[in-house]
Amino acid sequence: MSSPLRILVAKCTPETAAKLAALGRQTFHETFAADNTPTDMDAYLAATFGPEQQLSELQDPNVIFLLAQMQQELVGYAMLRLKSDLGLESGKPVDNRLEIARLYVREDWVGTGLGATLMRRTLEEARVHKCRTVVLGVWERNTRAIGFYQRFGFKEIGQHAFTLGSDVQTDLILRKGL
């Protein structure tokens, strides 16, 4: 008997965009609200997770959303960006690179293996698109996520600034070769 958990590539519809916006706001808030000011969180959530923003991302041919569904309910997702220049010197070729721009699961699903399932599916997607490198940015203070990525073989290759509201934070750039 198969598991009721399904990982699907998102369809580009206003309904999907609205669901992604709600899930994105929820999971980002659950993950980072305790370590950031309400003002900075509100500004970031408003700028990043609205149906219009998600619809625009869904329409981008270099963006892939993987949706984790349990009995028709969204419980996690990954946003993948093909041809990413994250961590590259200016002018270097971006072909064969995939960035994990977001990988989040609802708080009530943390520790269930859903994150690992999404990561395995993300790496499969990278191979399908003939990517040789997968990169991502992770907040330097998010030790749980850093450990998770290290278990999948990601190594630190640099840093970059990440602005959350008015707070400029440091993200580590991690890389994995395929």
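This text goes with the structure placed above it.
This text gives an overview of the structure that appears in the document.

In this section: the nonpolar core. In terms of nonpolar packing, the biggest core is built from 32 residues, with L98, I100, L118, M119, V138, Y149 and F154 touching the most fellow members. Taken together, the elements giving at least two residues each to this core come down to strand 2 (63–70), strand 3 (73–82), strand 4 (97–105), helix 4 (114–128), strand 5 (133–139), helix 5 (143–151) and strand 7 (167–177). By residue number, the principal contributor to this core is helix 4, which donates six residues. When sequence neighbours within four positions are dropped, the list of residues in contact with L98 reads L80, R81, L82, T122, A126, C131, T133, V134 and V135.

A few words on the pattern of salt bridges. Throughout the structure, instances matching the rule amount to seven salt bridges. Between R106 and E73 there is a salt bridge whose closest N-O contact spans 2.5 Å. Taken together, the residues R106 in the loop between strand 4 and helix 4 and E73 in strand 3 connect sequence positions 33 residues apart. Assessed through its relative accessible area of 10%, R106 is described here as buried. Linking R121 and E125 is a salt bridge whose minimum nitrogen-to-oxygen distance equals 3.6 Å. Taken together, the residues R121 and E125, both in helix 4 and four residues apart, mark about one turn of the helix. Sharing partners across several salt bridges, the network here consists of E73, R106 and D108.

This part is about helix 4. Across its 15 residues, helix 4 extends 21 Å between first and last C-alpha, which sits within 8% of the 21 Å expected from 1.5 Å per residue. When helix 4 is considered as a whole, its buried residues turn out to be L114, G115, A116, L118, M119, T122, L123, E125 and A126. A positive phi of about 60 degrees marks K130, the residue just after helix 4.

In this fold, I157 is placed in strand 6 (residues 155–164). Owing to a relative accessible area of 43%, I157 belongs among the partly exposed residues under this scheme. Along the backbone, I157 and L88 are 69 residues apart, and their C-alpha atoms lie at a distance of 9.7 Å. Those residues in contact with I157 that sit more than four places away from it in its chain are G87, I173 and R175.

This part covers the pairing of strand 7. Sheet topology places strand 5 next to strand 7; seven bridges connect them, and they run antiparallel. Bridge assignment links W139 to a residue of strand 7, and that residue is D171. Here strand 6 runs beside strand 7; their pairing, made up of nine bridges, is antiparallel. The residue bridging L164 from the neighbouring strand is D167, located in strand 7. From the end of strand 6 to the start of strand 7, which pair antiparallel, there are two residues, and G165 there has a positive phi angle of about 65 degrees.

Taken N-terminus to C-terminus, the directions of helix 1 (residues 14–32) and helix 3 (residues 51–59) make an angle of 120 degrees; their axes are 8 Å apart at the nearest point. The angle between helix 1 and helix 3 places the two elements in the oblique class. Both helix 1 and helix 3 take part in a crossing whose hand is right-handed. Taking contact as the criterion, the partners of P14, T16, A17, A18, L20 and A21 in helix 1 are, on helix 3, P51, Q54, L55 and L58. Its residues placed into classes, the contact of helix 1 with helix 3 shows eight nonpolar, two polar and no charged.

Calculation criteria
- Residues numbered from 1 in each chain as written.
- Predicted model: local features only at pLDDT ≥ 70, side-chain atom pairs only at ≥ 80, totals over all residues.
- Heavy atoms only, no water.
- Core = buried A, V, L, I, M, F, W, Y, C linked by side-chain atoms within 4.5 Å.
- Buried < 20%, exposed > 50% of the residue type's maximum accessible area, 1.4 Å probe, protein only.
- Helix = DSSP H or I, 4+ residues; strand = E, 2+ residues; numbered from the N terminus.
- Contact = heavy atoms within 4.5 Å.
- Salt bridge = Lys/Arg side-chain N within 4 Å of Asp/Glu carboxyl O.
- Expected span 1.5 Å × (residues − 1).
- Pairing = 2+ DSSP bridges.
- Axes fitted to C-alpha atoms, helices over the stretch in contact; angles between N-to-C directions.
- Parallel < 35°, antiparallel > 145°, perpendicular 65-115°, else oblique.
- Left-handed = near helix turned anticlockwise from the far one by under 90°.
- Nonpolar A, V, L, I, M, F, W, Y, C, P; charged D, E, K, R; others polar.

Function cannot be inferred from these measures alone, as they are strictly geometric.
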